[in-house]
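Structure assessment
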Amino acid sequence: MLRSRFITFWNATVQPDPLFSPLKLGALELKHRVVMAPMTRMRSAQPGNVPHALNAEYYGQRASEGGLLITEATDITPQAQGYRGTPGLYTAEQIAGWRAVTDAVHAKGGVIVSQIWHVGRISHSSLQPNGALPVGPSAVRPAGDHTNASGQSVPFETPRALEENELAGIVADFVAAARNAQEAGFDGVEVHGANGYLLDQFLRNGSNQRTDRYGGSVENRARLLLEVVDAVIAVLGAPHVGVRLSPWNGFNDMFDSEGEALWNYLAAELDKRDLAYLHVVEPRSDFTTDLPVNDSAPDAAGHFKAIFKGSLISTGGYVAETARAAVADTRAHAIGFGRLFIGNPDLPERLRIGATLTRQDRATFYGGDHRGYTDYAFHEDASLSCPA
Ligand code: PHB
């Protein structure tokens, strides 16, 4: 205790900590820049994919005064689902469940946005309404396997290409989820345009081989994402809307032959929209392993910053020193932490005082109960077990 007070005092007076200065991201008023990144945990209540008390406890534990939490990716419709147990935001029960989550976060002075997603082809017919094929921009099968509704690993199926006249419905589904997020008490939404899910599948020409207004040129491939962003802005207002992209990242079999032109166009287009923030996943990071990051990968935040003049959140493989450096040299306004927030519910406080961090247990990331979810200890609480 004495040690932590001393370090706090030292930091505040001698050397202001870049991570602990206030920040306004549109309508989101933050007191520090340690953001919880969106993370799939697959623990909604069944049937119905409903957030419940355990989820409210988890998010409430991770809330801090003026700290931003971004929820796990949340299905905008049953068709948007790609994994067992991911929560939705399209039924009254789900909205009520999320209301308990936002209440728990707000009770601690925290700020929370809902990450709204559609997985597109990263699903399986066993997870889809009426056993239909997953949908995508084109009938292009992602390489590899996927976990089906019974938990077995099976080859990906070739998705059904969405008809052009279905795309307005996808935009409307994002809008409905944004309205539901507002009703559930969220402070805003983050449109999931990253990591090889539906909007990213449209962006990249490895997965998008369309010949209509939504395929071909960079402008056409960006059309669906920008239509979704504009429609969500129209209901919530730009200061309540963030967007997440994963430039140059190959996760979920993403590939684009014109990467630089695509990212530059998106940065310029999103810059016109006065978003709360743009959130980039750094391509050096790999959230499927705990191996050290690949330092030779492109610097996404630095690249976007040259074109996008709004607020940037950068996520991917950060530790305390690299996060401080990224904010101090103005590459990013705030830093997203994923894994470290799993093992450390009080991560902002631990980073502030330089406390030891608990290592996260990868075996309990996806699905299950409170173990590896709400039973990680706070740094001064020896009564909770430390799984890792
Ligand atoms: C995942 O469940 O593997 C997942 C979900 C959302 C992401 C990335 C990965 O953005």
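Treat the numbers as computed from the prediction; the structure is a model and nothing was measured. (Residues numbered from 1 in each chain as written. Predicted model: local features only at pLDDT ≥ 70, side-chain atom pairs only at ≥ 80, totals over all residues. Heavy atoms only, no water.)

1. Here we look at the packing of helix 2 (residues 53–62) against helix 3 (residues 92–107)
- Packing of helix 2 against helix 3 brings their axes to within 8 Å, and their N-to-C directions diverge by 25 degrees. Classified by the angle their axes make, helix 2 and helix 3 are roughly parallel. Pair helix 2 / helix 3 crosses with right-handed handedness. Contacts from Asn55, Ala56, Tyr59 and Gly60 in helix 2 reach Trp98, Ala100, Val101, Ala104 and Val105 in helix 3.
- Across the contact of helix 2 with helix 3, the residue classes tally to 7 nonpolar, 2 polar and no charged. (Axes fitted to C-alpha atoms, helices over the stretch in contact; angles between N-to-C directions. Helix = DSSP H or I, 4+ residues; strand = E, 2+ residues; numbered from the N terminus. Parallel < 35°, antiparallel > 145°, perpendicular 65-115°, else oblique. Left-handed = near helix turned anticlockwise from the far one by under 90°. Contact = heavy atoms within 4.5 Å. Nonpolar A, V, L, I, M, F, W, Y, C, P; charged D, E, K, R; others polar.)

2. A word on the packing of aromatic side chains
- On inspection of all chains with the given rule, the structure shows 10 aromatic pairs.
- With a centroid separation of 6.4 Å and 70 degrees between ring planes, the pair formed by Tyr83 and Tyr197 is classed as edge-to-face. Taken together, the residues span a long stretch of sequence, with Tyr83 in the loop between strand 4 (68–75) and helix 3 and Tyr197 in the loop between strand 10 (188–192) and helix 5 (198–203) at a distance of 114 residues. Comparing Tyr83 with Tyr197, the two get one shared label, buried. (Phe/Tyr/Trp six-rings, centres within 6.5 Å; stacked < 30°, edge-to-face > 60°. Buried < 20%, exposed > 50% of the residue type's maximum accessible area, 1.4 Å probe, protein only.)

3. Brief notes about helix 3
- Spanning 16 residues, helix 3 covers 22 Å between terminal C-alpha atoms, matching the ideal 22 Å at 1.5 Å per step.
- All of the buried residues along helix 3 are Gln94, Ile95, Gly97, Trp98, Val101, Thr102 and Val105. Relative to the axis of helix 3, the buried residues are bounded by an arc of 160 degrees and lie together on one face. Away from its buried face, by an angle of more than 90 degrees, helix 3 presents the exposed residues Ala92, Glu93 and Ala107. (Expected span 1.5 Å × (residues − 1). Arc of directions from axis to C-beta.)

4. A look at the pattern of salt bridges
- Following the criterion strictly, the structure yields 20 salt bridges and no others.
- Among the salt bridges present, the one from Asp17 reaches Arg324, with a minimum N-O distance of 2.7 Å. Within this pair, whereas Asp17 is found in the loop between helix 1 (2–14) and strand 1 (23–25), its partner Arg324 is found in helix 9 (residues 320–328), the two being separated by 307 residues in sequence.
- Look at Arg324 and you get partly exposed, because its relative accessible area is 22%.
- When salt bridges with common partners are traced through the structure, they connect Asp230, Glu269, Lys272 and Arg273 into a single cluster. (Salt bridge = Lys/Arg side-chain N within 4 Å of Asp/Glu carboxyl O.)

5. Quick look at the packing of helix 4 (residues 167–183) against helix 6 (residues 218–236)
- Contact geometry of helix 4 with helix 6 gives a least axis separation of 9 Å together with a crossing angle of 35 degrees. Note on packing geometry: the crossing formed by helix 4 with helix 6 is right-handed. Between helix 4, through Leu167, Val171, Phe174, Val175, Ala178, Arg179 and Gln182, and helix 6, the contact on the second element is made entirely by Leu224, Glu227, Val228, Ala231, Val232, Val235 and Leu236.
- Class assignment of the residues belonging to the contact of helix 4 with helix 6 gives a composition of 11 nonpolar, 1 polar and 2 charged.

6. Focus on the confidence of the model for the protein chain
- For the protein chain, per-residue confidence averages 95 on the pLDDT scale, and 94% of positions sit at 70 or higher.
- Taken together, the stretch residues 1–6 has pLDDT below 50 and engages in 4 contacts with residues farther than four places along the chain or on a different chain. (pLDDT = per-residue confidence, 0-100.)

7. What about the pairing of strand 5 (residues 111–117)?
- Among the 7 residues of strand 5, 7 are classified as buried, and the element is accordingly described as predominantly covered.
- Every second residue of strand 5 is oriented toward a common face, with Val111, Val113, Gln115 and Trp117 on one face and Ile112, Ser114 and Ile116 on the other, all of them buried.
- Relative to strand 5, strand 4 is paired through 6 bridges, and the arrangement is parallel. Bridged to Asp75 within strand 5 is Trp117.
- As for the winding sense of the linkage, the β-α-β connection from strand 4 through helix 3 to strand 5 is right-handed.
- In this structure, strand 5 lies alongside strand 10, joined through 4 bridges in parallel fashion. Directly across from Gln115, in strand 10, lies its bridge partner Glu190. (Pairing = 2+ DSSP bridges. Right-handed = clockwise from strand over helix to strand, strands pointing away.)

8. Description of the side chain of Arg221
- Position of Arg221 among the secondary structure elements: in helix 6.
- Accessibility expressed as a relative area gives 0% for Arg221, which makes it buried.
- Excluding residues that lie within four positions of it along the chain, Arg221 makes contacts with Phe202, Leu203, Arg204, Asn205, Asn208, Tyr214, Gly215, Gly216, Asp256, Glu258 and Leu262.

9. Things to note about the pairing of strand 14 (residues 334–337)
- Burial of the side chains of strand 14 extends over both faces: Ala334 and Gly336 are buried on one face and Ile335 and Phe337 on the other.
- Of the pairings in the sheet, the one linking strand 3 (residues 34–36) to strand 14 comprises 3 bridges and is parallel in character. Residue Val35 lies in a different strand from strand 14, and its bridge partner there is Gly336.
- Examined bridge by bridge, strand 13 (residues 312–315) and strand 14 share 3 bridges and lie parallel to one another. In the strand pairing of strand 14, Thr315 is matched with Gly336.
- Handedness of the β-α-β unit built from strand 13, helix 9 and strand 14 comes out right-handed.

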